[in-house]
Amino acid sequence: MQKGKHTRPSVRPARTVASRLLKAFYILLMVLSALIVVTYCLWTYAIQPPTIEEPPAETAPAETGPAETAPGETAPIETGPVRERREQVYTCLIFGMDDGNGNTDTIMVATFDVPNQKIGLMSIPRDTVVRQDRSAAWNKINAAYADGGVEQLDQELEELLGFPIDYYVKIKLSAFEKLVESVGGVWFDVPVDMDYDDPYQDLHIHISKGYQLLNGEQAMQVVRYRQSNSNDSYGDTGRASTQQAFMKAMLSQVLAGADLGSIPTLADVLFNYVETNASLNDIIFFGKSLLGVDLDTALSTATLPGEWKSPYEQTDAEAALGLVNELLPVYTEPVTADIMNIYHK
């Protein structure tokens, strides 16, 4: 009996299988890369610079001209627009609530010059004297929010500084702690030993001087500190300087670990812990614009200059005018003294 031939199954070379797998992986990688590029392009196109709705340009009051145009009539002198906004320069009010009587514990005004990548940040002393609605009633600016909410605070700052406020960011102390915790704490160089106890506010601050990682509660204590138990006054000026430095440290830390993909997550954190009138488009646009910014050179800070004369902080009109034009240049032309409404009592 003749033995039949036994056919052995063919074995595909291992090299051929590996090559096909590599080829498939390469194609998949190219497809994913193309999708990322297309998504980025669409995302970049969709996120547009915010458009700020401005009231009609102001004109100087009409004056009587010397020449008569008709018997008994005189021609007014038209001076035209007096203020024009610089392109893509945005302003923002940042304020913190003390979770107590409704007054603002911290007030800052910032400008972001997107084309030139410049940020100005000015602290406004909370006891700065103002007149509500330009009435005869004297008041401290930290009472504006309790009197009329964000709109009232915006109005008084616009009158004080001479330019409009586009955005606001409101942060409560409890939310501030959560915000710091959400970014993993903040590394910060505490400028002095901070020891203060106020049983009436249940406020106890005990933070040592030096560079350290602050959690939410510690960060809140640092930015609120203004006086020691021995009555050595750190004051509002010292506290404002600490708040500015802390904000810079926190923003630098967030941006250092940020990329385009993390911006929506950061926007979600902001929406969860702060109140703002900025839209999601606005936040993503500003976040994208901040990527790669060197805050050591881009960010400039100062405090509205003035002098304490109990019970108010009296603003130095001449120094304030120069500082506003240097630190917060919103218009194509400098702000003039007649635009700023600075009061003294």
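This text follows the structure it describes.
Scanning the chain from terminus to terminus reveals 9 helices and 16 strands. Considering only contacts within the chain whose residues lie at least 6 apart along the sequence, 64% involve residues at least 24 apart. Here the chain has roughly 20,100 Å² of accessible surface; of this, 55% comes from carbon and sulfur atoms.

The side-chain alternation of strand β16 (residues 312-315) yields two buried faces, one formed by Y312 and Q314 and the other by E313 and T315. Bridge analysis of strand β15 (residues 306-309) against β16 gives 4 bridges, and the strand direction is antiparallel. Residue pairing for β16: W308 is matched across the bridge by E313. The turn joining β15 and β16, which pair antiparallel and follow one another in sequence, is formed by 2 residues.

Next up on the list: the layout of surface pockets. In this model, the second largest pocket occupies a volume close to 300 Å³. Lining the second largest pocket are 22 residues, with P125, R126, D236, T237 and T303 positioned closest to its centre. Contributing elements (two or more residues each) for the lining of the second largest pocket: β4 (104-113), α5 (235-256) and β15. Counting residues per element, the lining of the second largest pocket draws most heavily on α5, which supplies 7 residues. Across the lining of the second largest pocket, the residue classes tally to 8 nonpolar, 8 polar and 6 charged.

All right, on to the packing of helix α3 (residues 173-182) against helix α4 (residues 216-224) then. For the pair α3 and α4, the least separation of the axes is 8 Å and the interaxial angle reads 125°. Considering the angle they form, α3 stands oblique to α4. Here α3 and α4 pass one another in a crossing that is right-handed. Contacts between α3 and α4 involve L173, F176, E177, V180 and E181 on the former and, on the latter, G216, E217, A219, M220, V223 and R224. The class makeup of the residues in the contact of α3 with α4 is 6 nonpolar, 1 polar and 4 charged.

Let us look at the environment of V222. In this fold, V222 is placed in helix α4. Classification of V222 by relative accessible area gives buried; the value is 0%. In the structure, V222 is positioned 30 residues away from V192 in sequence and 9.8 Å away in space, judged by C-alpha atoms. Among all residues touching V222, those that are not within four sequence positions of it are F188, V190, M194, I207, L214 and T242.

A word on the pairing of strand β10 (residues 194-198). Along β10, the buried face is formed by M194, Y196 and D198; none of D195 and D197, which line the opposite face, is buried. In sequence, β10 turns back onto strand β11 (residues 203-207) through a hairpin of 4 residues, with D202 there showing a positive phi of about 55°.

A few words on the packing of aromatic side chains. Counted according to the given criterion, the structure contains 12 aromatic pairs. Ring geometry for Y90 versus F285: centroids 6.4 Å apart, planes at 75°, classification edge-to-face. Taken as a pair, Y90 in strand β3 (residues 89-97) and F285 in helix α7 (residues 280-290) lie far apart in primary sequence, 195 residues in all. On the basis of relative accessible area, Y90 is assigned to the buried category, the value being 5%. Of the residues examined, F285 reaches a relative accessible area of 6% and is grouped as buried. Aromatic side chains F285 and F286 sit 5.5 Å apart centroid to centroid with 65° between the ring planes, which places their arrangement in the edge-to-face category.

Turning our eyes to something else, we now look at the sheet that holds β4. Here we have 6 strands laid out as an open sheet, ordered β13-β8-β3-β4-β5-β14, and mixed in their pairing. Either end of the sheet is taken by a strand with one partner, and the two such strands are β13 (275-276) and β14 (299-303). Judged from the 2 bridges that link them, strand β8 (residues 167-172) and β13 form a sheet pairing that is antiparallel. Following the sheet pairing, V169 is matched in β13 by T276.

A general tendency of soluble globular proteins is for nonpolar side chains to be buried together. Core analysis: the largest hydrophobic core is formed by 49 residues, its most contacted members being F176 and F246. Among the elements that make up this core, the one with the highest residue count is α7 (5 residues). Ignoring sequence-local partners within four residues, the contact set of F176 consists of I171, A219, M220, V223 and F246. In this structure, L153, L161, L304 and L323 belong to the second largest nonpolar core, which totals 31 residues.

Right, let's talk about unusual backbone geometry for a bit. Following S310, the chain continues to P311 via a peptide bond in cis, the omega torsion being 5°. Looking at the element boundaries, P311 is found in the loop between β15 and β16.

Our next topic: the pattern of salt bridges. Evaluation of the coordinates by the stated rule reveals 10 salt bridges. Between D166 and R85 there is a salt bridge whose closest N-O contact spans 2.7 Å. You can see D166 sitting in the loop between α2 (144-161) and β8 and its partner R85 sitting in the loop between β2 (73-77) and β3, a full 81 residues away along the chain. Take D166: its relative accessible area is 13%, and that puts it in the buried class. With a relative accessible area of 18%, R85 lands in the buried category.

The rules behind the values
- Residues numbered from 1 in each chain as written.
- Predicted model: local features only at pLDDT ≥ 70, side-chain atom pairs only at ≥ 80, totals over all residues.
- Heavy atoms only, no water.
- Helix = DSSP H or I, 4+ residues; strand = E, 2+ residues; numbered from the N terminus.
- Contact = heavy atoms within 4.5 Å.
- Areas by Shrake-Rupley, 256 points an atom, 1.4 Å probe, with all protein chains shown as cover.
- Buried < 20%, exposed > 50% of the residue type's maximum accessible area, 1.4 Å probe, protein only.
- Pairing = 2+ DSSP bridges.
- 1 Å grid on protein atoms, 1.4 Å probe; cavity = no way out; pocket = protein on both sides within 12 Å on 5 of 7 lines; lining within 4 Å.
- Points joined across faces, edges and corners; volume = space filled by probe spheres on them.
- Nonpolar A, V, L, I, M, F, W, Y, C, P; charged D, E, K, R; others polar.
- Axes fitted to C-alpha atoms, helices over the stretch in contact; angles between N-to-C directions.
- Parallel < 35°, antiparallel > 145°, perpendicular 65-115°, else oblique.
- Left-handed = near helix turned anticlockwise from the far one by under 90°.
- Phe/Tyr/Trp six-rings, centres within 6.5 Å; stacked < 30°, edge-to-face > 60°.
- Core = buried A, V, L, I, M, F, W, Y, C linked by side-chain atoms within 4.5 Å.
- Salt bridge = Lys/Arg side-chain N within 4 Å of Asp/Glu carboxyl O.

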